[in-house]
Amino acid sequence: KLLDARKEFDPAKKIVLIDEALKKVPGYAEAISEKGLVYLNLKQYQQAEDFCVQALLLEPYIGLLRLNLAKVCYAQKQYDTAMQFVNDAIFINPIFPDAYHLRAQLQLDNRAFQQAVSDCNVALLMRPANNYVKAEILGTKGMALDQLQQKAAAQECFQEAKKLNPLSLRLLQYQQTKKIN
């Protein structure tokens, strides 16, 4: 049921599927955390945080659960707390491109552009699971390079990201804000 929930786009249907999984295994920390991410996407931050914390209390040594809580903190602009949880996720699971990408986004927000580029490079070396993730990493790398005034390298990242995900809202917004093609 949890795998079905991850493929579902409708948040209400996702929650039903996750709840079905939780009826079978009530202490399924990953499902509880996934439910938190559904609430995060609905911008119901307190519920998102509650579910992600509940999951983490059940299974404190699963990197994915720490990453999910970091995402909730990041969305609420609790950058220091998000950084702590994402660093923990990387410590627990050193081969975790999504965690390196979130850390790169945090570095970008903190104007630590070279560190953001480095984290993106590490994430890309890990061969992310799909083109969407790879495009997001490349977009973040391009944004950091742009801020470092490395325009040609930034443009190369943006072009490759666009090929992988031409509808990336984050990249489109950045490029419109910065007037980049």
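Before any of the text, the structure's been laid out above.
All of these numbers come straight from a predicted model, not from anything done at the bench. (Residues numbered from 1 in each chain as written. Predicted model: local features only at pLDDT ≥ 70, side-chain atom pairs only at ≥ 80, totals over all residues. Heavy atoms only, no water.)

Caption draft 1: Just the packing of aromatic side chains, in detail. Taken as a whole and assessed by the stated rule, the structure comprises 3 aromatic pairs. Their ring planes at 10° and their centres at 5.5 Å tell us that Tyr39 and Phe51 sit as a pair that is stacked. Within this pair, whereas Tyr39 is found in helix H3 (residues 29-41), its partner Phe51 is found in helix H4 (residues 45-58), the two being separated by 12 residues in sequence. Considered together, Tyr39 and Phe51 belong to a single accessibility category, that of buried residues. Plain terms: the ring middles of Tyr74 and Tyr79 are 5.6 Å apart, the flat faces sit at 55° to each other, and that makes the pair tilted. Given a relative accessible area of 25%, Tyr79 falls into the partly exposed group. (Phe/Tyr/Trp six-rings, centres within 6.5 Å; stacked < 30°, edge-to-face > 60°. Helix = DSSP H or I, 4+ residues; strand = E, 2+ residues; numbered from the N terminus. Buried < 20%, exposed > 50% of the residue type's maximum accessible area, 1.4 Å probe, protein only.)

Caption draft 2: Geometry of unusual backbone geometry. Not every positive phi belongs to a glycine, and Arg111 is a case in point at roughly 65°. When you line up the elements, Arg111 lands in the loop between helix H7 (97-109) and helix H8 (113-125). Arg111 gets classed as exposed once you look at its relative accessible area, which sits at 59%. Although it is not a glycine, Arg127 adopts a positive phi angle of roughly 50°. On the accessibility criterion, Arg127 (72% relative accessible area) is exposed.

Caption draft 3: Representation of the layout of surface pockets. Looking at the largest pocket, its volume works out to about 1600 Å³. As for the largest pocket, its lining consists of 35 residues, and the residues nearest its centre are Leu40, Asn41, Lys71, Tyr132 and Glu136. Every element with two or more residues in the lining of the largest pocket is listed here: helix H1 (2-7), H3, helix H5 (63-75), H7, helix H9 (131-147) and helix H11 (169-178). The greatest single-element share of the lining of the largest pocket, amounting to 7 residues, is contributed by H7. For the lining of the largest pocket, the per-class residue count stands at 17 nonpolar, 7 polar and 11 charged. (1 Å grid on protein atoms, 1.4 Å probe; cavity = no way out; pocket = protein on both sides within 12 Å on 5 of 7 lines; lining within 4 Å. Points joined across faces, edges and corners; volume = space filled by probe spheres on them. Nonpolar A, V, L, I, M, F, W, Y, C, P; charged D, E, K, R; others polar.)

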